[in-house]
Amino acid sequence: MSGIINNIGSRTGLIGQTEGGVDHSTICRVYMASAPTVTTTTWTLVTLDTISFDVGSNFEIGSTYKYTIPSSGYYHVDYQLTMYSGYMANFNVKIYTNGSEADHKGAEYRLNALTGQGGLVDLTSASGVMTAYFSAGDYIQIYGYIEERSATSSSFSTGANKTYLNVYKISN
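Calculation rules
- Residues numbered from 1 in each chain as written.
- Predicted model: local features only at pLDDT ≥ 70, side-chain atom pairs only at ≥ 80, totals over all residues.
- Heavy atoms only, no water.
- Salt bridge = Lys/Arg side-chain N within 4 Å of Asp/Glu carboxyl O.
- Buried < 20%, exposed > 50% of the residue type's maximum accessible area, 1.4 Å probe, protein only.
- Helix = DSSP H or I, 4+ residues; strand = E, 2+ residues; numbered from the N terminus.
- Pairing = 2+ DSSP bridges.
- Phe/Tyr/Trp six-rings, centres within 6.5 Å; stacked < 30°, edge-to-face > 60°.
- Lys NZ or Arg CZ within 6 Å of the ring centre and 35° of its normal.

Comments concerning the pattern of salt bridges
Then, in step 1: By the definition in use, this model includes 1 salt bridge.
Then, in step 2: Across the salt bridge formed by E101 and K94, the nearest N and O atoms sit 3.0 Å from each other.
Then, in step 3: Overall, the relative accessible area of 46% leaves E101 in the partly exposed class.

Remarks on the environment of V129
Then, in step 1: Following the sequence through the fold, V129 ends up in strand β14 (residues 121–134).
Then, in step 2: Classification of V129 by relative accessible area gives buried; the value is 19%.
Then, in step 3: Considering only alpha carbons, one finds V129 and I95, 34 residues apart in sequence, at a separation of 9.7 Å.

Observations regarding the pairing of strand β10 (residues 73–84)
A regular strand carries its side chains on alternate faces of the sheet.
Then, in step 1: Counting buried residues in β10 gives 10 out of 12 residues, a clear majority hidden from the surface.
Then, in step 2: When β10 meets strand β17 (residues 164–171), the two strands line up antiparallel, connected through 7 bridges. Counted as the bridge partner of Y74 is S171 from β17.
Then, in step 3: Alignment of β10 against strand β16 (residues 155–156), held across 2 bridges, turns out to be antiparallel. Note that in β16 the partner of Y84 across the bridge is S155.

Considering the packing of aromatic side chains
Then, in step 1: Enumeration according to the criterion identifies 4 aromatic pairs in this entry.
Then, in step 2: Considering the side-chain rings of W43 and Y145, the 5.2 Å spacing of their centres and the 35 degrees angle between planes classify their relative orientation as tilted. With W43 in the loop between β5 (27–31) and β6 (44–45) and Y145 in strand β15 (residues 139–148), the pair connects residues that are 102 residues apart, well separated along the chain.
Then, in step 3: The partly exposed category is assigned to W43, whose relative accessible area is 26%.
Then, in step 4: Taking the centre distance of 6.1 Å and the plane angle of 75 degrees together, the rings of Y75 and F134 count as edge-to-face. Residue Y75 is located in strand β10, and its partner F134 is located in strand β14; the two are separated by 59 residues in the primary sequence.
Then, in step 5: One cation-aromatic arrangement involves R29 over Y164; the distance from NZ or CZ to the ring centre is 4.5 Å.
Then, in step 6: K66 extends its terminal NZ or CZ atom over the ring of Y139, reaching a point 4.3 Å from the ring centre.

Concerning unusual backbone geometry
Then, in step 1: The phi torsion at Y65 lies on the positive side, around 45 degrees, for a residue other than glycine.
Then, in step 2: Mapped onto the elements, Y65 comes out in the loop between β8 (59–60) and β9 (66–68).
Then, in step 3: Overall, Y65 belongs to the buried group, its relative accessible area being 16%.

Here it is as C-alpha cells:
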C-alpha cells in the first residue's frame, strides 16, 4: 500500500477504493482560515472553515463544523489548535464526539510555545492524535480553551498548518 495521497489535490492509490474490506474513501483535512471571536475561560467550538480535501463530503462547514463518520470502524484523528496571546495563563484543545468531550483512552496531546518579546508567549499550539472506534453517524468536533492573566485580545491562529483537523479510516 503506497502513496494514498502524494500531495493535496492529486490522489493516487487507494482513495475511493475498497481493499481488504476497508473503504478508503473516508479521508478529510480541514483548517481554520478566519479567526472566530473567542470568549476566555469558555470551551469554544473551533470554526474549521476551509476544506483542503474531503473525499466523501463528510465535513460540514457552517454552524456545526463537524466531521460525520460515514461508516463504523477505526479512525485515525489528529488535530492542532494554535493561539496568539502575550498573556495566556492556560490553553488547551479537546476532541468532542457527538457534542460531548471525548473520553478516548490512548489519545496523545502535545503543547508547544513560541516565546516573543519580554519572555511572553506569543504563539502556542496544542495538538493531539488518537485512534479510536467510531460508529456510523458519530461526529467529531474540536474545541479550544483560553484563560488569560490580564484583559487582552487573544485569538485562535489561522492557517492550514496552525489550526486543523485530519480524519481517516484505517480499519473496519
